[in-house]
Amino acid sequence: MAADDVDDLTGRAPEGITSIDRTEDGWRIGVEVLESRRVPDSADILAVYLVALDDDGDLVSYRRERRYYRGRPEEDPS
């Protein structure tokens, strides 16, 4: 559900789930998306969106947590 929410809100298809955490009120999920395709692929810009869902799976909040180059997660291309 979190991946579908990110796709709906950003228009970008998720590449994967990076984290899932149970919270008191529901779930917190990290969703990785491709924000900018580049050549070569190692220059692609990816982002992780942090999505909060309630116990029923309904969206509570989302935000872009960080951006980075594929293969170099410690660098932020801002």
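Our subject in this report is the structure included herewith.

Parameters at a glance
- Residues numbered from 1 in each chain as written.
- Predicted model: local features only at pLDDT ≥ 70, side-chain atom pairs only at ≥ 80, totals over all residues.
- Heavy atoms only, no water.
- Helix = DSSP H or I, 4+ residues; strand = E, 2+ residues; numbered from the N terminus.
- Buried < 20%, exposed > 50% of the residue type's maximum accessible area, 1.4 Å probe, protein only.
- Areas by Shrake-Rupley, 256 points an atom, 1.4 Å probe, with all protein chains shown as cover.
- Lys, Arg positive; Asp, Glu negative; His and termini not counted.
- Charge placed at Lys NZ, Arg CZ, Asp CG, Glu CD.
- Core = buried A, V, L, I, M, F, W, Y, C linked by side-chain atoms within 4.5 Å.
- Contact = heavy atoms within 4.5 Å.
- Pairing = 2+ DSSP bridges.
- Axes fitted to C-alpha atoms, helices over the stretch in contact; angles between N-to-C directions.
- Arc of directions from axis to C-beta.

1. Let's talk about the overall build of the protein chain
Item 1. The helix and strand tally for the protein chain stands at one helix and four strands.
Item 2. The N-to-C order of helical and strand elements in the protein chain reads α-β-β-β-β.
Item 3. Principal-axis analysis of the C-alpha atoms places the extent of the protein chain at approximately 40 × 25 × 20 Å.
Item 4. Taken across its 78 residues, the protein chain has 33% of its residues classed as buried.
Item 5. Working note: accessible area of the protein chain is about 5,000 Å², and carbon and sulfur atoms make up 43% of it.
Item 6. For the protein chain, the separation between the mean place of its 11 positive charges and that of its 20 negative charges on side chains is 8 Å.

2. Brief notes about the nonpolar core
Item 1. Of all hydrophobic cores here, the largest spans nine residues; its members are Ala2, Val6, Ile29, Val31, Val33, Ala47, Tyr49, Val51 and Leu53.
Item 2. For this core, the secondary-structure elements that each account for two or more residues are α1 (2-10), β2 (26-36) and β3 (45-54).
Item 3. Looking at this core element by element, the count peaks at four residues for β3.
Item 4. With residues near it in sequence (within four places) discarded, Tyr49 still touches Val6, Thr10, Arg12, Ile29, Gly30, Val31, Val33, Glu35, Tyr62, Arg63, Arg64 and Glu65.

3. A closer look at the sheet that holds strand β1 (residues 14-22)
Item 1. Spatially, β1-β2-β3-β4 is the arrangement adopted by the four strands of the open sheet, whose pairing is antiparallel. Every other strand in the sheet has two partners, leaving β1 and β4 (59-69) as the edge strands with one partner each. Pairs of neighbouring strands in the sheet enclose a mean axial angle of 20°, with direction left out of account.
Item 2. α1 rests against β1, β2, β3 and β4 of the sheet, and its axis sits at about 120° to β3.

4. Looking at α1
Item 1. Residues of α1 that are buried: Ala2, Asp5, Val6 and Thr10. For α1, the arc enclosing every buried residue in end-on projection is 105°, short of the 170-degree limit, so these residues lie on one face.
Item 2. On its buried face, α1 is in contact with β2, β3 and β4.
Item 3. Positive backbone phi, at 75°, marks Gly11, one or two positions downstream of α1.

Read these as spatial facts, not as claims about activity.
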